[in-house]
There are 2 protein chains.
Amino acid sequence: MSGPLTERRQTILKLVIQEFVDTATPVASETLVRKYRLPVSSATVRNDMAALEELGFLTHPHTSGGRIPTDAGYRFFVENLMERSSLSPAEQRMIRHQFYQVRGELDQWIQLACAVLARTAHNASVATAPRAEQLRFKSLELIAIHETMALAVIVFHGGIIKQQTLPIEPGRTAEDLRRAAGLVSDLLADSTLSRVEELAAVATFNGMPLSEFERGLVDLVARAMMAFEEQTQEQIYSDGLLEMLSQPEFLPASGRDDAERAIERMRRTLEILRSGRGLGPLIPQALASGGVQVIIGGEHVEDAMRDYSVILARYGVEGAIAGVLGIIGPTRMAYPRSISTVRYIASLMSNLLAELYNLNARPSEVDVDDENAQRV
Amino acid sequence: MSGPLTERRQTILKLVIQEFVDTATPVASETLVRKYRLPVSSATVRNDMAALEELGFLTHPHTSGGRIPTDAGYRFFVENLMERSSLSPAEQRMIRHQFYQVRGELDQWIQLACAVLARTAHNASVATAPRAEQLRFKSLELIAIHETMALAVIVFHGGIIKQQTLPIEPGRTAEDLRRAAGLVSDLLADSTLSRVEELAAVATFNGMPLSEFERGLVDLVARAMMAFEEQTQEQIYSDGLLEMLSQPEFLPASGRDDAERAIERMRRTLEILRSGRGLGPLIPQALASGGVQVIIGGEHVEDAMRDYSVILARYGVEGAIAGVLGIIGPTRMAYPRSISTVRYIASLMSNLLAELYNLNARPSEVDVDDENAQRV
DNA sequence: GTTAGCACTCGTGAGGCTAGAGTGCTAAGA
DNA sequence: TCTTAGCACTCTAGCCTCACGAGTGCTAAC
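Here the structure is a predicted model, which is why all the values come from computation and not from measurement. (Residues numbered from 1 in each chain as written. Chains lettered and ligands numbered in written order. Predicted model: local features only at pLDDT ≥ 70, side-chain atom pairs only at ≥ 80, totals over all residues. Heavy atoms only, no water.)

Side note on the overall build of chain A
Part 1 of the argument: Of regular secondary structure, chain A possesses 14 helices and 13 strands.
Part 2 of the argument: Computed over its C-alpha atoms, the radius of gyration of chain A comes to 26 Å, more than 25% above the 21 Å expected for a compact globule of 376 residues.
Part 3 of the argument: The dimensions of chain A, computed from C-alpha atoms along their principal axes, are 90 × 50 × 35 Å.
Part 4 of the argument: The long-range share in chain A, meaning contacts at least 24 apart out of those at least 6 apart in sequence, stands at 61%. (Helix = DSSP H or I, 4+ residues; strand = E, 2+ residues; numbered from the N terminus. Rg over C-alpha atoms; globule rule 2.2 N^0.38 Å. Contact = heavy atoms within 4.5 Å.)

Shown next as structure tokens:
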């Protein structure tokens, strides 16, 4: 009885989604005909809508009141109906300019990426710091703070640094510290955590046993690496919470019943962004796959995420360092624009990292012309 | 007609506040008598309440329904009625333990302080990073990332570090970089930003003119210092948003009218914490004064803050480095507990910093036994 | 100065009602 | 077979009313 998914029905689905994304209110047949000057009557549209509903692409909050898309509807839209868009040249220029202003300031990049994502897509953004598959030690510097305290700056491959203070014996000179740091730097050069631990166990360098102090430094590095892995494991940067909460989904549409639910939704959303629960499982997935990932509402494993869509892309330099960034918002979101935004920022970040790493490396898999991106 | 502020009336004010803080609902005369077994009748309490209302300490949302404290009521409570409390030894131990676990990891301290504050006081916490009155250069390290890119790690007094990448000419050896970094480190040692700029203008070291590369490094340091000042100027760490938003103030008490207002409040609160507007002016004030600052509701300059109370304390090492940390929440908050929490965390952070700086320095002005703290 | 008693006020929540929006269906037309 | 006009039906939002109950303010007695 549902009938085939004719061309016109696809158009109607597309228009319903477009309209619903714009207005956030259920879409009526009449509205569609009027607004888009359809060459058919509202009754025909109603029939098609009913068919789309039977196909599972639309639904009906109440008998009266228009249609809204289902998750399956969005999914079909994203995969088949959506026109690929990109940010306007003016927007691209503005974004590039902002990144240009923090060139060199590695530690600002993620925050900026989050800020730009959020403001451009009008939803919350998330990102993980770029991570090497394997944290690799690069060098150690020791700077005396006063007679009994020094600051250790541990540099890892990829411009990642970690600071750590350590107590020292009063007697040590700056030259002492420099020598010890240099020796440990040479000993541990390019080591992964497990290699550092091996070397700590052996505790010799070129056959010479390490001094007490040097052994302490090696341990310090090992501990720092462990702490670092732990910290970055789950740390998710985020921005644009306010941006997302300004979406009509978080306004009480009517009745105090709904109001309480709106607040509850708000609180749960905060919880999601703060804890990263619900996002956690998606990260490795996004890291593994290329292209842009779109997860819509009920497709999430986590129940708490059922009302949200997430758009994620991997960024980084193939084989060297990678992170994930993206957008989270209500399922009703401007998918074409959001997807292009995520794609653009990911490629920008990839380029920045590529430059940092090695000018010759291919930026990454998420490129503006990558057909994978369209895939999802 | 209002009559004097007798002992009993003060007790009643105190009980009303206590009860209101607990229950978040207006306090009725009858409730007070029953719950605290007052040796007088509810009528007497009502009379006293009326007097307290005329004195400006209590108010009346509606004719029926109990009393709630005014800002002035809270102020009087905080200054005269409140018993000084401190955190339980068990809590103190737990908190100290958490700080112990990140000892050495300077960059984690503020975040931890915020987290602990929020969880202990059940409200949002804010903190600024510890800042030297004058940012002073300590040393520069250069680490080659690859042939044309290096990472500069700039260390300032007080364990503050800033990283920055810079492009280099392909020819430079690691030894080159080390030498140049060492020279610039010596040249700029202990300089403030203005001094660095002076030295950049002169561009000589011990009478010898600096090389192109070395001049570039000096400029880099100057730019990094400027960037740093700018970034930390307004940056306010925060945590416990969710904690605060779980307070009944952010629930719609009744009617959909109130629901909308609740959401609006929520949104405005987010805005405050994100932008730091409303908090901004309080920071220098808190930095300047010792002790614990309590600003209650309408006492705020900023209109947007009229519904919130803020408790701030300075932390740091006298004459060397200082920051501010505290709590923000609805005016209805557990002042005694919140104040002791803020005081405790501030003194803890001060001790940590003192240790980092110099074991002999006096921690700071906010000590557990400091009578200043009670002052406000 | 304190208390019992009581009238009065007002917010809350339930219930009922109306208007309006939008659908589903039916029967006629292309 | 597809499209369309017409119309009954459904459901929600918004409004009004009403009754209940909590808590006060006042008065008069102690």
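Don't stop here, the text continues.
Focus: the environment of M49(A)
Residue and element names in this part refer to chain A.
Part 1 of the argument: Residue placement: M49 occurs in helix α3 (residues 42-54).
Part 2 of the argument: Measuring from C-alpha to C-alpha, the distance between M49 and V16 comes to 9.2 Å, with 33 residues separating the pair along the chain.
Part 3 of the argument: Here M49 is in contact with I12, V16, V27, A28, S29, L32, L58 and R67, once residues within four sequence places are set aside.

With respect to the relation of the copies chain B and chain A
Part 1 of the argument: Here chain B sits on chain A after a turn of 180° about the axis and a move of 0.1 Å along it, with an RMSD of 0.1 Å. Such a turn and shift between the copies fits a two-fold axis.
Part 2 of the argument: Of the residues that chain B buries at the interface, 98% are likewise interface residues in chain A, meaning the two copies contact each other through the same surface. (Least-squares fit on C-alpha atoms with pLDDT ≥ 70 in both.)

Concerning the interface of chain B and chain A
Note on interface size: it is often stated as the accessible area lost on association of the parts.
Part 1 of the argument: In this complex, chain B contributes 51 residues to the contact, which on the side of chain A involves 50 residues.
Part 2 of the argument: Of all residues in chain B, Q163(B), L242(B) and R267(B) give up the largest surface area on contact with chain A, accounting jointly for 14% of the area buried on that side.
Part 3 of the argument: Of the charged contacts in the structure, one is a salt bridge between D107(A) and K162(B), with a shortest N-O distance of 3.9 Å.
Part 4 of the argument: Inspection of the chain B/chain A interface yields 15 residue pairs in polar contact (both at pLDDT 80 or more).
Part 5 of the argument: Contributing elements (two or more residues each) for the side of chain B that touches chain A: β5 (137-146), β6 (149-156), β7 (160-167), α9 (212-234), α10 (241-245), α11 (255-275) and α13 (335-357) of chain B.
Part 6 of the argument: It is α11(B) that provides the largest number of residues to the side of chain B that touches chain A, a total of 11 residues.
Part 7 of the argument: Here the residues of the side of chain B that touches chain A sort into 25 nonpolar, 14 polar and 12 charged. (Buried area = accessible area lost by both parts, 1.4 Å probe. Salt bridge = Lys/Arg side-chain N within 4 Å of Asp/Glu carboxyl O. Polar contact = N/O pair within 3.5 Å; in protein donor to acceptor, adjacent residues only side chain to side chain. Nonpolar A, V, L, I, M, F, W, Y, C, P; charged D, E, K, R; others polar.)

Side note on the domain arrangement of chain A
Residues and elements named next belong to chain A.
Part 1 of the argument: In terms of domain boundaries, chain A breaks down into domain 1 (7-81), domain 2 (89-129 + 235-375) and domain 3 (137-233).
Part 2 of the argument: Look at where the C-alpha atoms of domain 2 and domain 3 centre, and you get two points 36 Å apart.
Part 3 of the argument: Tallying the contact residues gives five residues for domain 2 and seven residues for domain 3.
Part 4 of the argument: Carbon and sulfur atoms supply 55% of the area buried between domain 2 and domain 3, which totals about 380 Å² over both sides.
Part 5 of the argument: Three residues, L106, Q235 and Y357, lead the burial of domain 2 against domain 3; their summed loss comes to 73% of the area buried on that side.
Part 6 of the argument: The interface formed by domain 2 and domain 3 holds zero salt bridges in total.
Part 7 of the argument: Looking at side-chain class alone, the side of domain 2 that touches domain 3 contains four nonpolar, one polar and no charged residues. (Domains from an automatic or database assignment.)

So, the pairing of strand β11 (residues 292-296) of chain A
Residues and elements named next belong to chain A.
Part 1 of the argument: Summarising burial for β11: five of the five residues are buried, a large majority.
Part 2 of the argument: Burial along β11 is two-sided: V292, V294 and I296 facing one way and Q293 and I295 facing the other are all buried.
Part 3 of the argument: Pairing geometry for β11 and strand β12 (residues 308-317), over five bridges, is antiparallel. Pairing of V292 across the sheet is with A313, part of β12. (Buried < 20%, exposed > 50% of the residue type's maximum accessible area, 1.4 Å probe, protein only. Pairing = 2+ DSSP bridges.)

Digging into the packing of helix α6 (residues 109-121) of chain B against α13(B)
All names here are of chain B.
Part 1 of the argument: Here α6 crosses α13 at 160°, and the two axes come no closer than 10 Å. Taken together, the axes of α6 and α13 are roughly antiparallel relative to one another. In this structure, α6 meets α13 at a crossing whose hand is right-handed. Facing W109, I110, A113, V116, L117, T120 and A121 of α6, the residues of α13 in contact are R337, S338, T341, V342, I345, M349, L352 and L353. (Axes fitted to C-alpha atoms, helices over the stretch in contact; angles between N-to-C directions. Parallel < 35°, antiparallel > 145°, perpendicular 65-115°, else oblique. Left-handed = near helix turned anticlockwise from the far one by under 90°.)

Notes on the packing of aromatic side chains
Part 1 of the argument: What the rule picks out here adds up to six aromatic pairs over all chains.
Part 2 of the argument: Between the aromatic rings of Y74(A) and Y335(A), the centroid separation amounts to 5.4 Å while the plane-to-plane angle is 50°, which identifies the pairing as tilted. Here the residue Y74(A) occupies a position in helix α4 (residues 71-81), and Y335(A) occupies one in helix α13 (residues 335-357), the gap between them amounting to 261 residues.
Part 3 of the argument: According to the relative accessible area criterion, Y74(A) is buried, its value standing at 1%.
Part 4 of the argument: Here R103(B) stacks its cationic end above the ring of Y100(B), 4.3 Å away from the centre of that ring.
Part 5 of the argument: If you follow R172(B) out to its NZ or CZ, it ends over the ring of F213(B), 4.0 Å from the centre. (Phe/Tyr/Trp six-rings, centres within 6.5 Å; stacked < 30°, edge-to-face > 60°. Lys NZ or Arg CZ within 6 Å of the ring centre and 35° of its normal.)

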